[in-house]
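Report on the structure
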Amino acid sequence: MAPLRILSIATLFPDAARPNFGLFVEKSLRALAAQPGIDLTIVAPVGLPPFPLSLHPRYRALRALPLREDWNGLTVHRPRFTLLPKIGSRFNPAKIARAILRVARDRQFDVVDAQFFYPDGPAAMRVAQALALPFSIKARGADISHFGHDPATAPQLLAAADRAAGLLAVSEAMRRDMAALGIDAGKIGVHYTGIDTARFAPGDRAAARAALGIGDAPAILTVGALIPRKGQALVIEALAALPGVHYWLAGAGDHKDRYRALAERLGVADRVHFRGSVANADLPALYRAADIVVMPSASEGLANAWVEALACGTPIVISDAGGAAELVTSARAGRIVDRTPAAIAGAVQAILAATPLPADVAATLEGRFDWDRNGRELADHLRRCAQK
């Protein structure tokens, strides 16, 4: 049987300047490439603003990225497109498509795969039209909750959804959100993320704390960018009702100074600890060290951090966002709470009063999140789209 030739578009994909950027996309595409009969080409377009803005430190490292490289065994093309920061989102799909076609036009493919709904999806629509191919798009979270409602981007998103041969969503809740926008629910398959269960597994909490210097006090943890949508400010405010509990924040972002000032103003700064960006290799120990992972996000698809925490045996306190109810299926897994400091504090207190065994927490995942399954399902989906 001839291999399925896939052109995968991923604006979220790691590179030397951003090694954690879109790491879950890399893992999914690696799982896809490992399936029999798959010939995968990855294009991860790099947006750079016009000169002289491209000289800004934020973009300097991106300018140095190779146009083509072997990235952990995957061949990745990184064509450039002109980015207009903050104001150009509606123009990005067309610019990305032109950049991709410079790479793809002289090669043969069976199907185009977009790993994020916007701008990847409308870009894939343009590329597929130029190459006379079917295409698929996956929805992950903010690509629907934000771009699906923004008047500047929603029309292109909906047009791409209408013309796609197939669609994927990271959770059943995301599938419902897509249908609420008018997207045909019959075209949408639920495609859960995967995790490396050999790494993300229960372990010795005391040993993890000792290795990380976290101490013996009750510890709650958030993993994610320091941005308002992730809700770290709500957790800082909840600390007033959680005496003795320390809060660890893993991630970087523009709001770090605001969160530090908030902690100072509330008198809890001595219990708020910023660890900065944490390499994926170091995350399992960090999850194990925490008593609870607390993530009251305003919106999510199905956050990888939720799944990773549970796999490590750490219960979660999360908001009713995205696929929350698909993960927190019992009190052993944690709590789904309102996005208020009082609700967060109450859930943390309840779990600390009767902390479940790590093995029981991990068991709530019921083997649903596995990279081989993820890759196999994606390959089957794309074969259906290509009718091969």
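Up top you'll find the structure we're talking about.
Residues numbered from 1 in each chain as written. Predicted model: local features only at pLDDT ≥ 70, side-chain atom pairs only at ≥ 80, totals over all residues. Heavy atoms only, no water.

1. Here we look at the overall build of the chain
Of the regular secondary structure elements, the chain holds 16 helices and 16 strands. The C-alpha atoms of the chain give a radius of gyration of 21 Å, which matches the 21 Å a tight globule of 388 residues would have. The principal-axis extent of the C-alpha atoms belonging to the chain is close to 60 × 50 × 40 Å. Per-residue burial for the chain yields a buried fraction of 55% across its 388 residues. Across the chain, contacts joining residues at least 24 apart in sequence account for 70% of those joining residues at least 6 apart. When the accessible surface of the chain is summed, it comes to about 16,200 Å², and 54% of that surface belongs to carbon and sulfur atoms. (Helix = DSSP H or I, 4+ residues; strand = E, 2+ residues; numbered from the N terminus. Rg over C-alpha atoms; globule rule 2.2 N^0.38 Å. Buried < 20%, exposed > 50% of the residue type's maximum accessible area, 1.4 Å probe, protein only. Contact = heavy atoms within 4.5 Å. Areas by Shrake-Rupley, 256 points an atom, 1.4 Å probe, with all protein chains shown as cover.)

2. As for the packing of aromatic side chains
Counted by the stated rule, this structure contains three aromatic pairs. With 6.2 Å between their ring centres and 55° between their planes, Phe200 and Tyr287 make a pair best called tilted. Residue Phe200 is located in the loop between strand S10 (188–190) and helix H8 (205–212), and its partner Tyr287 is located in helix H11 (residues 283–289); the two are separated by 87 residues in the primary sequence. Judged by its relative accessible area of 3%, Phe200 falls in the buried class. We note Arg18 situated over the ring of Phe21; from NZ or CZ to the ring centre the distance is 4.3 Å. (Phe/Tyr/Trp six-rings, centres within 6.5 Å; stacked < 30°, edge-to-face > 60°. Lys NZ or Arg CZ within 6 Å of the ring centre and 35° of its normal.)

3. Some details on the sheet that holds strand S4 (residues 68–71)
Sheet architecture is open: eight strands sit in the order S4-S5-S2-S1-S7-S8-S9-S10, paired in mixed fashion. On the outer flanks of this sheet lie S4 and S10, each paired with one strand and no other. The mean angle between the axes of side-by-side strands here comes to 25°, regardless of whether they run parallel or antiparallel. Where helix H7 (residues 172–180) meets the sheet, it contacts strand S8 (135–139), strand S9 (166–169) and S10, and its direction lies at approximately 130° from that of S9. (Pairing = 2+ DSSP bridges. Axes fitted to C-alpha atoms, helices over the stretch in contact; angles between N-to-C directions.)

4. Side note on the packing of helix H4 (residues 120–131) against helix H6 (residues 154–163)
Closest axis-to-axis distance for the H4/H6 pair is 8 Å, and the angle between their directions is 55°. With respect to their mutual orientation, H4 and H6 come out oblique. Here H4 and H6 pass one another in a crossing that is left-handed. Along its contact with H4, which presents Gly121, Pro122, Met125 and Arg126, the element H6 presents Gln156, Leu157, Ala159, Ala160 and Arg163. Tallied by class, the residues present in the contact of H4 with H6 amount to five nonpolar, two polar and two charged. (Parallel < 35°, antiparallel > 145°, perpendicular 65-115°, else oblique. Left-handed = near helix turned anticlockwise from the far one by under 90°. Nonpolar A, V, L, I, M, F, W, Y, C, P; charged D, E, K, R; others polar.)

5. Focus on the pattern of salt bridges
Considering all chains together, one arrives at 11 salt bridges under this definition. Put simply, Arg376 and Asp372 hold a salt bridge, and the shortest N to O gap is 2.7 Å. Taken together, the residues span about one helical turn, with Arg376 and Asp372 both in helix H16 (residues 371–386) at a distance of four residues. Overall, the relative accessible area of 38% leaves Arg376 in the partly exposed class. With a closest N to O distance of 3.6 Å, Arg383 and Asp380 form a salt bridge. In this pair, Arg383 and Asp380 are both assigned in helix H16, three residues apart and thus about one turn of the helix distant. (Salt bridge = Lys/Arg side-chain N within 4 Å of Asp/Glu carboxyl O.)

Without other data, these values stay purely geometric and don't point to any function.
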